[in-house]
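# Notes for the structure review
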Amino acid sequence: MGKLTVRALRVVLAVVLAGTVFVQALMVWALATDPEDGSLPLTPLRVITILGMVSAQVALVCVWRLVAMVRRGTVFSHAAFRYVDGVIGAIVAAALLWFAVTVINAPGQREDPGVTVIMGGIGLAILGVALIVLVLRTLLAQAVARDVEAAHMRAELDEVI
């Protein structure tokens, strides 16, 4: 990755991280100051929003660390798995939180259950993203194994020469 790409990605990650912190602060403020009027279950939705922002922040920090590893040329190491696993966990957590929102929203959609079905489909799509990252983790594992094998073969070749 080029320096410009890394910088651009870091700017995007920093802006999104700042945005999630801002949304969390607003939700905490709303929890403390804005009582529910009974029309919607606002407290659970606010708590889910706060937790959703935490899952996004975990993913952002893990991606930041992976970008740093790519820049240093150390991404093909066992240390990278911790961050990839963090991204997968954050995505799964986000999907579970989305399913919770779907369950909370479902009673209000009795006359139009299509909304609940669509929301469930979105949750499945989020889980699909986690599965894609899991496949990419498998590719990383294969690349790390090849890198270790190549280093071993280089060492053997150096001994022969």
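As a reminder, the structure under discussion sits directly above these lines.
On a predicted model such as this, the values are computed, not experimentally measured, just so you know. (Residues numbered from 1 in each chain as written. Predicted model: local features only at pLDDT ≥ 70, side-chain atom pairs only at ≥ 80, totals over all residues. Heavy atoms only, no water.)

### Focus: the overall build of the protein
The secondary structure content of the protein amounts to 4 helices and 0 strands. Order of helices (α) and strands (β) in the protein, N terminus to C terminus: α-α-α-α. The C-alpha radius of gyration computed for the protein amounts to 21 Å, which surpasses the reference 15 Å derived for 161 residues by more than 25%, pointing to a less compact arrangement than a globule. Taken along its principal axes, the extent of the C-alpha atoms in the protein is 80 × 30 × 25 Å. The buried share of the protein, taken over its 161 residues, is 25%. (Helix = DSSP H or I, 4+ residues; strand = E, 2+ residues; numbered from the N terminus. Rg over C-alpha atoms; globule rule 2.2 N^0.38 Å. Buried < 20%, exposed > 50% of the residue type's maximum accessible area, 1.4 Å probe, protein only.)

### A word on the packing of helix 3 (residues 79–105) against helix 4 (residues 114–160)
For the pair helix 3 and helix 4, interaxial distance at closest approach is 9 Å and the crossing angle is 170 degrees. Taken together, the axes of helix 3 and helix 4 are roughly antiparallel relative to one another. Classifying every residue of the contact of helix 3 with helix 4 gives 25 nonpolar, 5 polar and 2 charged. (Axes fitted to C-alpha atoms, helices over the stretch in contact; angles between N-to-C directions. Parallel < 35°, antiparallel > 145°, perpendicular 65-115°, else oblique. Nonpolar A, V, L, I, M, F, W, Y, C, P; charged D, E, K, R; others polar.)

### Focus on helix 4
Taking 1.5 Å per residue as the helical rise, helix 4 with its 47 residues ought to reach 69 Å, and the 69 Å between its terminal C-alpha atoms agrees with that figure. Inspection of helix 4 places Met119, Gly120, Gly123, Ala130, Val133, Leu140 and Val144 among the buried residues, and these make up the whole buried set. Looking at the packing, one finds that the buried side of helix 4 touches helix 3. (Expected span 1.5 Å × (residues − 1). Contact = heavy atoms within 4.5 Å.)

### Side note on the packing of helix 1 (residues 3–33) against helix 2 (residues 42–72)
It is at 9 Å that the axes of helix 1 and helix 2 come closest, and there the two elements cross at 160 degrees. Between helix 1 and helix 2, the interaxial angle falls into the category roughly antiparallel. In the packing of helix 1 onto helix 2, the handedness of the crossing is left-handed. For the contact of helix 1 with helix 2, a count of residues per class yields 22 nonpolar, 5 polar and 4 charged. (Left-handed = near helix turned anticlockwise from the far one by under 90°.)

### Re the pattern of salt bridges
Close approach of charged atoms allows side chains with opposite charge to pair. Applying the stated criterion across every chain, the model contains 1 salt bridge. Asp85 serves as the salt-bridge partner of Arg137, at 2.5 Å between the closest nitrogen and oxygen. A residue pair is termed long-range when its members are at least 10 positions apart, and Arg137 in helix 4 and Asp85 in helix 3 qualify at 52 residues. Given the relative accessible area of 36%, Asp85 is considered partly exposed. (Salt bridge = Lys/Arg side-chain N within 4 Å of Asp/Glu carboxyl O.)

### What to know about the layout of surface pockets
When its volume is computed, the largest pocket comes out at roughly 680 Å³. Along the wall of the largest pocket there are 30 residues; nearest its centre are Ala59, Val63, Val87, Ile91 and Val133. Contributing elements (two or more residues each) for the lining of the largest pocket: helix 2, helix 3 and helix 4. Examining the composition of the lining of the largest pocket, we find that 13 residues originate from one element, helix 2, more than from any other. Residue classes in the lining of the largest pocket are distributed as 26 nonpolar, 3 polar and 1 charged. (1 Å grid on protein atoms, 1.4 Å probe; cavity = no way out; pocket = protein on both sides within 12 Å on 5 of 7 lines; lining within 4 Å. Points joined across faces, edges and corners; volume = space filled by probe spheres on them.)

### Observations regarding helix 2
Taking 1.5 Å of rise per residue, the 31 residues of helix 2 would be expected to cover 45 Å, and the 45 Å separating its terminal C-alpha atoms lies within 8% of that figure. Trailing helix 2 by a residue or two, Gly73 shows a phi angle of about 80 degrees, which is positive.

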